[in-house]
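A structural walkthrough
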Amino acid sequence: MTCVSNKIYENSVNWAGDAMTQALNAQVLTQFFNEMLLDTGDVRQNYHHFNQWLNQQSIEQLHHLNEQATAHFYKKGITFIVYSDEYGTERVIPFDIIPRIIEKKEWNIMEAGCKQRITALNAFLHDIYHQQDIIKAGIIPAEQVIAHDSFQPWMLNVDLPGKVYAHISGVDLIRHNDGNYYVLEDNLRTPSGVSYMLESRAISQQLMPDIFAQQKISSVDNYSTLLKQTLTETSGVENPVIVVLTPGRYNSAYYEHAFLAREMNAPLVSGSDLYVDKDEVFLKSITGRVKVDVIYRRLDDPFLDPLAFRPDSMLGVPGLMSAYRAGKVIIANAPGTGVADDKSIYPYVEKMIEFYLGEKPILNNVPTWQCRKKEDLSYVLSHLSELVVKEAQGSGGYGMLIGTQATQAEINDFRQRIIANPQGYIAQPTLALSVCPILAKSGISPRHIDLRPFVLSSPKEIRITAGGLTRVALSEGCLVVNSSQGGGIKDTWIIDTESTDFKGTPLSQTDLKDAALSNPVLSNNILVAEDTTAQAPVLAGGHA
């Protein structure tokens with residue numbers, strides 16, 4: 001999908017400070033939620049200290065900082081592959097020096113909502129591979145689960161520690177122009193981007209040390225420690241042997257595979273480095289074989305085991321699924337998790353929360369039409385120019401139509417695709433993603449963003465590192481934030497603007513849920529549904 005320019009963004013400026021504030025005012029404030037500015041044009045409280053720092057910088061100084069960040073990322077090999085490029089070009093991930101800043105009281109609700117959602121999704125995965133109560137209750141049609149490409153019969157009646165299937169998850173959140181957060185999608189297979197989160201923080205601290213010294217910004221440095229702790233708790237072994245299984249250096253996320261292996265002090269391995277003997281997995285080493293307890297795999301299901309899945313896979317480990325079913329090794333995330341993060345299952349997550357947890361959702365879904373349903377299909381085909389249409393199993397911004405930005409030829413092409421395979425598509429309103437200032441070539445200008453917090457789940461605890469990965473659409477008017485489509489990243493700061501004791505005792509999960517559910521619109525406009533049967537407001541804008 002090609003991003004198009006939008007006249008809303010013509011107010012960019014080529015200087016910083018108060019002029020920047022004036023430039024980000026105007027039309028943008030009325031059409032999109034502005035993360036930095038109030039509707040009056042005043043700076044939000046969470047950006048107060050940063051704005052003071054920004055007022056002291058020239059545009060040349062800011063560009064120099066961005067150039068230093070680019071040089072740092074290039075030196076460390078922090079890259080990604082743009083598959084939409086004719087040549088599959090490998091590029092340095094674009095980083096923007098201006099952070100996305102979120103107040104802690106707002107983050108607390110998002111954190112509770114993400115934990116609630118992942119708890120329900122893990123319960124769903126255990127259920128569909130065991131008693132299938134949610135299908136028997138008529139909440140989700142059996143064919144949408146059992147016939148799903150990612151449903152793995154190998155996982156039937158396999159008991160996992162703590163009933164946890166998705167140990168590492170990413171929840172994509174957007175803020176609409178009503179000020180409320182919505183869950184755009186769940187990522188439970190091999191979610192990526194956490195290395196970008198950590199490197200963004202590292203370079204921000206290096207380039208803006210004064211701000212970090214003055215402000216109470218929540219740390220993200222413990223993510224790798226928490227990841228290792230999560231995998232250790234899942235293994236049930238005191239000092240487990242953990243390996244990171246990668247498809248190889250040509251994978252778009254290979255830098256992250258190597259980064260996390262290094263951070264956890266775990267071997268980075270390919271399938272040929274492992275073998276199975278008597279239902280146990282071993283790592284080949286120069287000192288002899290070493291029994292493996294946990295495989296953090298960054299390899300898709302079909303390639304994990306040529307004896308169980310694709311017989312032509314050269315990337316996996318023959319016999320791995322036999323060892324897994326015997327309980328001799330942990331695979332994170334578990335095979336078969338993809339059925340839960342499919343876009344055709346997404347519309348049912350709010351019902352999962354009620355069914356498994358007996359709670360109302362803290363974070364709401366985006367209204368979704370399922371083209372497999374006759375009534376929904378008719379509506380979608382009649383409103384293609386207004387909607388975002390996505391492949392149910394698509395990712396990375398591929399296989400998508402943004403009707404408001406598409407040509408008539410593109411709309412006609414998508415119409416034929418949907419008619420030929422309606423069950424393969426869903427549609428959503430075009431979203432008005434919130435905007436945050438970036439340092440563009442022409443100066444400081446607003447761009448659309450989203451947020452991906454990373455959730456770590458073990459049999460003992462669910463943990464989330466404060467913040468997450470903020471992705472930003474770098475082109476004017478563009479609504480696609482994916483790096484694979486040319487988007488960039490920002491550091492995400494969680495700050496406490498109210499508490500004098502930043503390290504005080506946090507609210508319990510029960511307190512957070514009670515607070516959220518007792519007040520449908522909190523002071524920071526975080527949406528909490530009181531009636532999950534009521535449709536959320538129709539949204540306008542666009543997303544990938």
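This text follows the structure it describes.
Just so we're clear, the structure is a prediction, and the values are computed from it rather than from any experiment.

This brings us to the pairing of strand β23 (residues 488-495). For β23, the tally of buried residues reaches eight of eight residues, placing the bulk of the element in the interior. In terms of strand pairing, strand β3 (residues 95-103) meets β23 through six bridges, oriented parallel. Bridge pairing in β23 links Ile 102 to Ile 494. In this sheet, β23 lies alongside strand β22 (residues 469-472) in antiparallel orientation, the contact comprising three bridges. From the neighbouring strand, Val 472 faces β23, where its bridge partner is Gly 488.

Before going further, it helps to spend a moment on unusual backbone geometry. That bond from Ala 332 to Asn 333 is cis: its omega, -5°, falls within 30 degrees of zero. Position of Asn 333 among the secondary structure elements: in the loop between β12 (330-332) and α13 (349-357). Although it is not a glycine, Asn 157 sits at a positive phi angle of roughly 60°. Summarising the element assignment, Asn 157 is placed in the loop between α7 (142-146) and β4 (168-175). Its identity as a non-glycine residue notwithstanding, Lys 278 has a phi of 55°, on the positive side. In this fold, Lys 278 is placed in the loop between β8 (274-277) and β9 (280-283).

Turning our attention to the pattern of salt bridges. If you walk through the whole model with that rule in mind, you get 21 salt bridges. Note that Asp 341 is salt-bridged to Arg 189, the shortest N-O span being 2.8 Å. Of this pair, Asp 341 sits in the loop between β12 and α13 while Arg 189 sits in the loop between β5 (181-187) and α8 (194-207); the two residues are 152 residues apart in sequence, bridging distant segments of the chain. The partner of Arg 310 in a salt bridge is Asp 312, with the nearest N and O atoms 2.8 Å apart. The class for Asp 312 is partly exposed, based on a relative accessible area of 49%. Here the salt bridges share partners, and the residues they tie into one network are Glu 35, Arg 100, Glu 106 and Arg 175.

What counts, and at which threshold
- Residues numbered from 1 in each chain as written.
- Predicted model: local features only at pLDDT ≥ 70, side-chain atom pairs only at ≥ 80, totals over all residues.
- Heavy atoms only, no water.
- Buried < 20%, exposed > 50% of the residue type's maximum accessible area, 1.4 Å probe, protein only.
- Helix = DSSP H or I, 4+ residues; strand = E, 2+ residues; numbered from the N terminus.
- Pairing = 2+ DSSP bridges.
- Salt bridge = Lys/Arg side-chain N within 4 Å of Asp/Glu carboxyl O.

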